[in-house]
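Reading the structure
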Amino acid sequence: MWESENESVSGRDYGNGVHSTSKNGVKTDSFEQKGQSWYVATDIPSDLLVQIEDVNFHLHKYPLLSRSGKMNRIIYESRDAELSKISLNELPGGPEAFELAAKFCYGIAVDLSATNISGLRCAAEYLEMTEDLEEGNLIFKTEAFLSYVVLSSWRDSILVLKSCEKLSPWAENLQIVRRCSESIAWKACANPKGIKWQYTGKPASVSSPSRNHQVPPDWWFEDVTILRIDHFVRVITAIKVKGMRHELIGASIMQYATKWLPGLIKEGSGLAEDGSNSSNSNGSSSWRGGLHMIIAGSGEEIPTVQAKDQRMIVESLISILPQQKDSVSCSFLLRLLRMANMHKVAPALITELEKRVGMQFEQATLADLLIPSYNKSETMYDIDLVQRLLEHFIIQEQTESSSPSRYPFPDKHMHDGSQRGTNLNAKMRVARLVDSYLTEVSRDRNLSLTKFQVLAEALPDSARTCDDGLYRAIDSYLKAHPTLSEHERKRLCRVMDCQKLSVDACMHAAQNERLPLRVVVQVLFSEQVKISNAIANISLKDAGESHYQPLVSHHKSLLEATPQSFQEGWTAAKKDINTLKFELETVKTKYIELQNDMDNLQRQFDKIAKPKQASAWTAGWKKLSKLTKTTNVETHDTSSQIPNAEQTTKPRRWRNSIS
């Protein structure tokens, strides 16, 4: 992709090639191939057979001995002047590289390119074609081509590094890998002005924007993903040293993992973009990564070679992840963690990856947390793993809260308030995530009550302003475990705060037969307290009192918690409570009307019932009236001498005696 403006070579098959002077006495212009054998096009019969793998080269001793120290030493050490057959199966680059080296020895022009230079350079080193034997020997020629042509070109550096995959350890010892990696890193970090838009991994005609088009910062991602994992690690390490932004490094790692680890991709999403799979762009490479999504428990079915390659990729990617937070997404980390557990990656790397997930655990999703248990655990999902992730998150939150110097806030109070708000929001998101996770895994009948309780109580109470999610998880667990005893159900419900349930949750809980009776009573009582506090609050507020004491000491926390209508704002809460007050007044009015109707009916009943009184009663009342008159006449004369108290008590005695 990278070609500077002043680069004069573009085809990378250089017609001038590499020439050598013909001083060997055998003149020829070409080699001829017949089946698996190569012959020199000359009338002089060959006197040396060089065998490399299954290919035979019928050559002459003198051209090879004049330029190769290795050939000289082999023939000299054999002490056989008539030696006519040599086997060089260990020669790097194989028959292709030896063919070019042999042509060079015969003085035939060799066309150097990015695809053959690394193999020819290693073969020249193996054959010891140094300047001591002849000036301008093959080592010097290939080294000059690497330094002045290949390393100045982005595309050639990528292709040469790709070709080095089959040349270990020669390419590594000759510093070809290091030099190409540093060249790629330097160009990736440099200002991309003057870049000709041409992808290494795609045809040049695919995209060719104008020269003035702004080059995106991720222009180099596609090219480096064709490299093998060890070479990719070398490139990323060199890029880190150059100081590239950590989010770009993380994005390139994610793109590489998407291409070489198809198991990272979620079900139904297919392979990576461009249809890439585990096969290399160069079909000759034996390195094949890539496994389709493997379900839990099928780790034994993975082919051994592929499993080792996959494990190497996962371990290498974990080791080069940038240390900065948010350099890669939490979803990617969790999917990488899933594959690490599946392939039994080194425990130290898994622990490091779990800590990274804990740093940004609030960004996780439920789908990424549902990691199968690959250790033949009783539960379907790895509950212990999520518990460890939650512990790392809590430790990270505590560390950030206790180290204010890490945050560039000039005002301490400003920092404290912002930090508390950030931590609280993160804890609330994690609490909702944990509640959803508990709801999902609670359907597993093998999930023990202890594990459920420990995971539910791992977060502090302040992380949950509403316990509806926790109530759903508890209800789901009770459905899946109908054989729980009364004590176990009470123990399960203790993880929930009834005062933090919304109106809908309280209504459901009041009718939930699976809950213990004591919990139902607590739910009803807490709801009554919340409504009473809300009514008192609105009444005092309407009366203009700005400061008041709630009916219950915990009224503020209750209002902040539930019902949900109060959380949405005082406007909605006031409307609801006014509606309740209106309904209460309506009921009271109807009650008064009914009471009046009852009084009227009672009076009418009394009137109807009077004529039906017995006649004896009427006679008795008349007789009583006569006796009263006689008594009044007798006592009229002495009324002035008797005290008022006595006057008032005498009739009462009469009445008592009559009754």
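The structure under discussion appears in the preceding block.
Attention here is on the structure that accompanies the text. As the structure is a prediction and not an experimental result, all values here were calculated from the model.

A short note on helix α8 (residues 176-189)
For α8, built from 14 residues, the straight-helix expectation of 20 Å at 1.5 Å per residue is met to within 8% by its first-to-last C-alpha distance of 20 Å. Along α8, 10 of the 14 residues are buried, which leaves the element largely enclosed by surrounding structure. I176, V177, R179, C180, S181, S183, I184, A185, K187 and A188 are the residues of α8 that are buried. Contact partners of the buried residues in α8: α4 (117-126), α5 (138-150), α6 (154-163), α7 (170-173), α9 (221-224) and α10 (229-242).

Brief notes about the pairing of strand β4 (residues 55-59)
The element β4 is extensively covered by neighbouring structure, given that 4 of its 5 residues are classed as buried. The turn linking strand β3 (residues 48-52) back onto β4 is made up of 2 residues, and E53 within it adopts a positive phi angle of 55°.

Describing the pairing of β3
Here β3 lies mainly inside the structure; 4 of its 5 residues are buried. Pairing geometry for β3 and β4, over 5 bridges, is antiparallel. The residue of β4 that forms the bridge with Q51 is N56. Pairing analysis gives 3 bridges linking β3 to strand β5 (residues 85-87), with the strands arranged parallel. Pairing of Q51 across the sheet is with S87, part of β5.

Looking at the environment of L370
Tracing the chain through its elements places L370 in the loop between α15 (366-369) and α16 (383-401). When its relative accessible area of 17% is taken as the criterion, L370 is described as buried. When the C-alpha atoms of L370 and Y437 are compared, they prove to be 7.7 Å apart, with 67 residues separating the residues in sequence. In this structure, L370 is in contact with R338, Y381, Y437, E440 and V441, ignoring residues within four places of it in sequence.

Details of the packing of helix α19 (residues 468-480) against helix α21 (residues 503-510)
The N-to-C vectors of α19 and α21 enclose an angle of 25°; their axes lie 10 Å apart at closest approach. For the element pair α19 / α21, the angle class is roughly parallel. Where α19 crosses over α21, the handedness of that crossing is left-handed. Across the interface between the two elements, D468, Y471 and D475 of α19 pack against A505, H508 and A509 of α21. For the contact of α19 with α21, a count of residues per class yields 3 nonpolar, 1 polar and 2 charged.

About the thresholds
Residues numbered from 1 in each chain as written. Predicted model: local features only at pLDDT ≥ 70, side-chain atom pairs only at ≥ 80, totals over all residues. Heavy atoms only, no water. Helix = DSSP H or I, 4+ residues; strand = E, 2+ residues; numbered from the N terminus. Expected span 1.5 Å × (residues − 1). Buried < 20%, exposed > 50% of the residue type's maximum accessible area, 1.4 Å probe, protein only. Contact = heavy atoms within 4.5 Å. Pairing = 2+ DSSP bridges. Axes fitted to C-alpha atoms, helices over the stretch in contact; angles between N-to-C directions. Parallel < 35°, antiparallel > 145°, perpendicular 65-115°, else oblique. Left-handed = near helix turned anticlockwise from the far one by under 90°. Nonpolar A, V, L, I, M, F, W, Y, C, P; charged D, E, K, R; others polar.

No statement about biological role is implied by the geometric values presented.
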